[in-house]
Amino acid sequence: MKKLTTAAGAPVVDNQNIQTAGPRGPALLQDVWLLEKLAHFDREVIPERRMHAKGAGAYGTFTVTHDITRYTRAALFSEIGKQTPMFARFSTVAGERGAADAERDIRGIAMKFYTEQGNWDLVGNNTPVFFFRDPLKFPDLNHAVKRDPGTGMRSAQNNWEFWTGLPEALHQITIVMSDRGIPSDFRHMHLFGSHTFSLINAANERFWVKFHFKSQQGIRNLTDAQAAELIGRDRESSQRDLYDSIARGDFPRWTLYIQVMPEQEAGSYHLNPFDLTKVWPHGDYPMIEVGTLELNRNPENFFAEVEQAAFTPANVVPGIGFSPDRMLQARLFSYGDAQRYRLGVNHHQIPVNAPRCPFHSYHRDGAMRVDGNHGGLTGNEPNRSGEWADQPDFREPPLSLEGAADHWNHREDTDYFSQPGALFRLMTPEQQQALFDNTARAIAGVSPDVQARHIEHCTQADPAYGAGVAAAIRKLEG
Ligand code: HEM
């Protein structure tokens, strides 16, 4: 058995009794083991993620089953059968680190693919759209869905005042209030990259792309009543389900599909393809099968591998790129920035975050630099030894842009309601009734003007949607 030492490696002689002045006297400052133990304990908690604080993770493998090399030169998609190791973290959004899993909320899915050309992170949700189109509203969303500054409690009033203040949120609200709003666990739900990204092929042609992972386990959801009962028994229900299923060898799998739009079609398509509140109808851009994602290994240490995992949409690899989506553009900054605060400037060195290919960035120094810090290698570029040379072969094709710099008003597109209306009409009568009842329970007690505003938006999507929500609220509130 290994014997206890201090962090400096010296034997700890007594881990049961502190040093005191006599058997009943006060503690001695020279009991350095006591000081070290308490000091470390006092610093064990790191800041939680500002959103998506509650989560669970697992390692897995992505396997290519279909050839998409005409769209992308990304190494991970280079040939059928190719396997790439990856790490995934699932989460809820609004709850803090200790929140229950079975809440009505979006589920996050962050994936890190350790490719031979660097890490590709796809940081998405279990919904294909989001509440709004402009990133300036993101901090407001979080203030609205998290705790009220005065009471310290979650507030349906704040939540619905904010949501209904943004008519473009109805699409996402409709999904969250639908029967899919509480997935039974992390395995029985689809996963989406949500934004439009780009693919670049070997001929340096650009395509716009959306990523969809369809659950091979199927879809399984909880009603509000089932979720309440489950939370009473188990606050970690989704985390436990993922861990246990992997531990018993029942590996969850998803099939990756992409939707692809040639670059030049973006200008003429009837929707703004970079609007995160809208989907691309599959009739216009069909689903193209790509491969299989399998999660097959649990982490050995939750803090080291899950809590310290750092994903960012800024991590792309040659053959995969960004798009002009304003929300995506802001996210390219926010994640790394949050992680420099949450984990430190050298968080890339934490094993779960480090690339598995050779890497050679010339960042140096900073708090908690724990590798050799590049030893005596030159720290400047240009230099006479050709160190740190950039790699122009991986340059993307130029992207044509037009227009003067301004705060362009995204509300010039006022089509907030056609897609939520279409989604509503796709639902069975039972699903529509569940949508009405879930909405009524969530909005109950909120001020009548805010309820009326939501009903008005639902009515614009479909008169039956508005009437159904209004009736369900009346029934609940009397
Ligand atoms: C986590 C910002 C929109 C999915 C986070 C974090 C920040 C953030 C700061 C915590 C990162 C960390 O501490 O490691 C933003 C901003 C957004 C935005 C500024 C919009 C302007 C979105 C959207 C999606 C998304 C649209 C999905 C399509 C996630 C996920 C996580 C996360 C899955 C958890 C990552 C993990 O498991 O570590 N976001 N976010 N976010 N966000 Fe966003």
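Reading the values: rules and limits
Residues numbered from 1 in each chain as written. Predicted model: local features only at pLDDT ≥ 70, side-chain atom pairs only at ≥ 80, totals over all residues. Buried ≥ 20, exposed ≤ 12 C-beta atoms within 10 Å, placed from the backbone. Helix = DSSP H or I, 4+ residues; strand = E, 2+ residues; numbered from the N terminus. Pairing = 2+ DSSP bridges. Core = buried A, V, L, I, M, F, W, Y, C linked by C-beta atoms within 7 Å. Contact = placed C-beta atoms within 7 Å. Axes fitted to C-alpha atoms, helices over the stretch in contact; angles between N-to-C directions. Parallel < 35°, antiparallel > 145°, perpendicular 65-115°, else oblique. Nonpolar A, V, L, I, M, F, W, Y, C, P; charged D, E, K, R; others polar. UniProt positions renumbered as here; feature names shortened; annotations may be inferred. Left-handed = near helix turned anticlockwise from the far one by under 90°.

Of all ten residues that make up strand E1 (residues 55-64), seven are buried, and the element is covered over most of its length. Bridge analysis of E1 against strand E2 (residues 83-92) gives nine bridges, and the strand direction is antiparallel. Counterpart to Ala56 in the pairing with E2 is Phe90. Where E1 meets strand E9 (residues 288-297), six bridges bridge the pair, whose relative direction is antiparallel. Note on E9: the bridge partner recorded for Gly60 is Leu295.

So, about the nonpolar core. One finds Ala88, Met111, Trp120, Val209 and Ile320 to be the most contacted residues of the largest nonpolar core, which totals 49 residues. Here this core takes five residues from strand E7 (residues 206-215), the largest share from any one element. In contact with Val209, other than residues within four places in its own chain, are Thr196, Phe197, Ser198, Leu199, Ile258, Gln259 and Val260. Counting residues in hydrophobic clusters, the runner-up holds 41 residues, among them Trp163, Ile173, Phe417 and Ala461.

Here we come to the packing of helix H4 (residues 170-177) against helix H9 (residues 418-426). As a packed pair, H4 and H9 sit with axes 8 Å apart at the nearest point and diverge in direction by 25°. As judged from the angle between their axes, H4 and H9 are roughly parallel. Of H9, the residues touching H4 (which contributes Leu170, His171 and Thr174) are Gln419, Pro420, Leu423 and Phe424. Taken together, the residues of the contact of H4 with H9 sort by class into four nonpolar, three polar and no charged.

Within the secondary structure, Phe311 is located in the loop between helix H7 (302-307) and strand E10 (320-321). Along the sequence, Phe311 and Leu122 sit 189 residues apart, while their C-alpha atoms lie 7.9 Å from each other. The contacts of Phe311, once residues within four sequence positions are left out, are Arg89, Ala110, Lys112, Asp121, Val123 and Tyr335.

Further remarks concern the UniProt feature "active site" (unreviewed entry) in the chain. Here the UniProt feature "active site" (unreviewed entry) sits at His52 and Asn125. Across 74 residues in sequence, these annotated residues keep their C-alpha atoms within 10.5 Å of one another, forming a single compact spot. Structurally, His52 is set in the loop between helix H1 (32-42) and E1. Sequence-distant contacts of His52, that is, excluding residues within four places in its chain, are made with Ser91, Val93 and Gly108. Here Asn125 shows up in strand E4 (residues 118-125). Overall, the presence of 22 C-beta atoms within 10 Å leaves Asn125 in the buried class. Residues contacting Asn125, with those up to four places away along its chain left out, are Ile106, Arg107, Gly108, Ile109, Phe192 and Ser194.

With that out of the way, let us pick up the UniProt feature "binding site: heme" (unreviewed entry) in the chain. As annotated by UniProt and renumbered to match this structure, "binding site: heme" (unreviewed entry) occupies Tyr335. With respect to the helices and strands, the residue Tyr335 is situated in helix H8 (residues 326-342). Assessed through the 19 C-beta atoms surrounding it within 10 Å, Tyr335 is described here as partly exposed.

We now examine the packing of helix H3 (residues 156-165) against helix H11 (residues 448-461). Where H3 contacts H11, the two axes come as close as 9 Å, and the packing angle between them is 40°. Here H3 is positioned oblique relative to H11, judged by the angle of their axes. The chirality of how H3 crosses H11 is left-handed. On H11, the residues touching Trp160, Glu161 and Thr164 of H3 are Val450, Arg453, His454 and His457. Grouping the constituent residues of the contact of H3 with H11 by class yields two nonpolar, three polar and two charged.

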